[in-house]
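# Per-entry structural report
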Amino acid sequence: MIFFKHKKSERLNQLEHLKRSIFGLDSRIKVLHIIDQHKTGGPGKTIINTAKYINHDNFVIHVGTFNSENSSNTEFICKLKEERIPHLVLADKRGVCLSNLRRLMAYIPKEGIR
């Protein structure tokens with residue numbers, strides 16, 4: 001029985017989130033973590049656990065990851081997708097990459113990150 005109650009409450013939370021996003025009533029604080037790690041352990045695990053267990057009524061965690069063109073589905077990205085954590089993929093290049101700055105400049109206001 002508890003399993004079904006959990007699923008029902010999860011559906012209600014999803015509906016509440018949808019309602020907030022449609023009507024612009026989302027007052028939650030949105031945070032963007034940027035990490036250059038391809039594996040889940042260490043700092044990556046901390047970010048995933050924070051995003052997973054934080055109070056979702058007050059916060060939304062987004063994660064930016066640097067990936068080369070060959071590694072679009074790293075262990076870390078797969079875990080983010082599995083946990084349904086919003087993420088932004090950035091190009092993994094040497095030095096400052098203007099395309100990454102453009103992506104960040106578009107993503108931050110679009111997602112309401114402060």
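The following paragraphs examine the structure supplied in this document.

### Some words on the pairing of strand E1 (residues 29–35)
In this structure, E1 lies alongside strand E2 (residues 59–67), joined through seven bridges in parallel fashion. In the sheet register, leucine 32 faces E2, and the bridge partner there is histidine 62. Considered for its hand, the β-α-β crossover made up of E1, helix H2 (residues 43–53) and E2 is right-handed.

### Some points on the sheet that holds E2
If you trace the three strands from one edge of the open sheet to the other, you get E1-E2-E3, paired in parallel fashion. The two strands at the open ends of the sheet, each matched to only one other strand, are E1 and strand E3 (87–91). Direction aside, neighbouring strands of the sheet carry axes that sit 20° apart on average. Pairing between E2 and E3: five bridges, direction parallel. Across the sheet, the residue bridging to threonine 65 is valine 89, located in E3. Those strands touched by helix H3 (residues 75–82) are E1, E2 and E3, and its axis lies near 155° from that of E2. In the packing of helix H4 (residues 98–111) onto the sheet, contacts are made with E1, E2 and E3, and the angle to E3 comes to roughly 165°.

The rules we used
Residues numbered from 1 in each chain as written. Predicted model: local features only at pLDDT ≥ 70, side-chain atom pairs only at ≥ 80, totals over all residues. Heavy atoms only, no water. Pairing = 2+ DSSP bridges. Helix = DSSP H or I, 4+ residues; strand = E, 2+ residues; numbered from the N terminus. Right-handed = clockwise from strand over helix to strand, strands pointing away. Axes fitted to C-alpha atoms, helices over the stretch in contact; angles between N-to-C directions. Contact = heavy atoms within 4.5 Å.

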